[in-house]
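Residue-level listing of the chains:
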Amino acid sequence: MDELQITSNRKKARKPTTSKPTDIRAFELTVPHLPAGPTSSGQPLRNPLPLALSFEVIQYLDLENSIELQTHYYLILPEESDLDPELNPLFLKLDAEDAPPPTGFEVGLKEGKHEFWFDTRTHQDAAVLLEQLVEKKILEKVDPPQHHTPAGYDGLGEGYPLVRVAIQEKEMAKRCGYDGIWEQRTDQERLAVCGGCKLAWPIRFCDEDCQVMSWKKGQPTPHRKTCKKVKAIEKAPIDEVTTKA
Ligand SMILES: [Zn+2]
Ligand SMILES: [Zn+2]
């Protein structure tokens, strides 16, 4: 049995607060179909709307028992809110997980920045926001690789812009690998990374309870079965790792 490395000393009971962690970058976007003006209790979503860029890492074993990693990027409301982000139309997933990346495009970390690809034809609502995200330097466009083809799609149209994250790792919110809580919606502390896989694509947790539960019963694969395999991945794409004292 692999050893569980507890990294968080946080208590389970946490008081929600409306203050933001200072290192998570919040920015305002103008979202289609939202009214402008000050927020009210009847209409909590108003333009310009403060949002944060977030990502999550999912580790799991495939049918051959090989480690698989997925990263997903989202736009989420940066402050504590009564709105359920999963049900909210602004819980926008930015990446295109259902299709392979374009030919010659490697997903990963380059020059300290996450690189992923984004297909505006399959995310039409998000496409309107993409331009604003580039303008605000949250995302940046990258040159397409040679022989750029929209692999996995019908090959029609002009392809799509390739973008990468232009902000630092620490400026993005993270998601608990057990219960799915986004860190900036809970309190000012950052989620702790697993001490076992922290140099690779680490899984993060609210507290010790979430870490223990993920180790034993995490979905889609209990973390005890993925931690060592993730640790063995040579490339360390995360350039900033937060651990609790
Ligand atoms: Zn949690
Ligand atoms: Zn781990």
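Along each chain, residues carry numbers from 1 onward, in the same order as the chain's sequence is written. Written order determines the labels here, with chains lettered from A and ligands numbered from 1. Local features in this predicted model are restricted to residues whose pLDDT is 70 or higher, and side-chain atom pairs enter the listing and the counts only when it is 80 or higher, whereas totals over whole chains, interfaces and linings include all residues.

1. Digging into the overall build of the protein
No. 1: Helix and strand definitions follow DSSP, with helices as H or I runs of at least four residues and strands as E runs of at least two, each counted in order from the N terminus. A count of helices and strands for the protein gives three helices and eleven strands.
No. 2: Listed N to C, the secondary structure of the protein is β-β-β-β-β-β-α-β-β-β-β-β-α-α in terms of helices and strands.
No. 3: Taking all 245 residues of the protein together, the buried fraction comes to 29%.
No. 4: Residues are defined as contacting one another if the C-beta atoms placed from their backbone atoms lie within 7 Å. The long-range fraction of contacts in the protein, counting pairs at least 24 apart against all pairs at least 6 apart in sequence, stands at 66%. Working definition of burial: number of other C-beta atoms within 10 Å of the residue's own, with buried at 20 or more, exposed at 12 or fewer, and partly exposed in between, all C-beta atoms being placed from the backbone.

2. With respect to the nonpolar core
No. 1: Core analysis: the biggest nonpolar cluster contains 21 residues, and Leu51, Ala52, Leu75, Ile76 and Ala173 have the highest contact counts within it.
No. 2: Secondary-structure elements contributing two or more residues to this core are strand 2 (49–61), strand 3 (67–76), helix 1 (124–135) and strand 8 (162–165).
No. 3: Of all the elements, strand 2 adds the most residues to this core, at four residues. We call a set of buried Ala, Val, Leu, Ile, Met, Phe, Trp, Tyr and Cys residues a nonpolar core when their C-beta atoms link them within 7 Å.

3. Some remarks on the pairing of strand 3
No. 1: Being paired, for any two strands, means DSSP has found at least two bridges between them. Across ten bridges, the pairing between strand 2 and strand 3 is antiparallel. Note that in strand 3 the partner of Ser54 across the bridge is Tyr74.
No. 2: Taking the residues between adjacent antiparallel strands as the criterion, strand 2 and strand 3 are bridged by five residues, where Asn65 takes a positive phi near 70 degrees.

4. Observations regarding the environment of Met213
No. 1: By the element assignment, Met213 lies in helix 2 (residues 208–217).
No. 2: On a C-alpha basis, the gap between Met213 and Asp179 in space is 9.4 Å, while along the polypeptide they are 34 residues apart.
No. 3: Apart from residues lying up to four places away in sequence, Met213 is in contact with Tyr178 and Gly218.

5. Focus: helix 3 (residues 223–231)
No. 1: Residues of helix 3 that are buried: His223, Thr226, Cys227 and Val230. All buried residues of helix 3 fall inside an arc of 115 degrees around its axis, so they share one side.
No. 2: Contacts from the buried residues of helix 3 go to strand 2, strand 3 and helix 2. Directions drawn from the helix axis to the C-beta atoms are what define this arc.

6. What about unusual backbone geometry?
No. 1: That bond from Asn47 to Pro48 is cis: its omega, -5 degrees, falls within 30 degrees of zero.
No. 2: Residue placement: Pro48 occurs in the loop between strand 1 (26–29) and strand 2.
No. 3: Geometrically, the link from Gln219 to Pro220 is a cis peptide bond, its omega value of 0 degrees lying close to zero.
No. 4: By secondary structure assignment, the location of Pro220 is in the loop between helix 2 and helix 3.
No. 5: With phi around 70 degrees, Asn65 is a residue other than glycine that occupies positive phi space.

7. Comments concerning helix 2
No. 1: Within helix 2, burial applies to Cys210, Gln211, Ser214 and Trp215. Burial along helix 2 is one-sided: seen end-on, the buried residues are contained in an arc of 135 degrees. Residues of helix 2 that are exposed and point more than 90 degrees away from the buried face comprise Lys216 and Lys217.
No. 2: Summarising the contacts, the buried residues of helix 2 are in contact with strand 11 (204–205) and helix 3.

8. Notes on the environment of Gln168
No. 1: By secondary structure assignment, the location of Gln168 is in the loop between strand 8 and strand 9 (173–174).
No. 2: Here Gln168 falls in the partly exposed class, since 14 other C-beta atoms lie within 10 Å of it.

9. Describing the environment of Thr30
No. 1: Looking at where Thr30 falls in the secondary structure, it is placed in the loop between strand 1 and strand 2.
No. 2: Thr30 sits 17 residues away from Asn47 along the chain, and the two C-alpha atoms are 5.4 Å apart.
No. 3: Residues within four places of Thr30 in sequence aside, it is in contact with Asn47, Pro48 and Gln132.

10. With respect to the confidence of the model for the protein
No. 1: Think of pLDDT as the predictor's per-residue confidence, scored from 0 to 100. Of all residues in the protein, 59% attain a pLDDT of 70 or more, and the chain-wide mean is 73.
No. 2: Looking over the protein, one finds the lowest element-wise mean pLDDT in strand 4 (residues 92–93), namely 66, and the highest in helix 2, namely 95.
No. 3: With pLDDT under 50 throughout, residues 11–18 is counted as low confidence; its partners more than four residues away or in other chains account for 14 contacts.
No. 4: Between residues 236–245, whose pLDDT stays under 50, and residues either more than four places distant or in other chains, the model counts 27 contacts.

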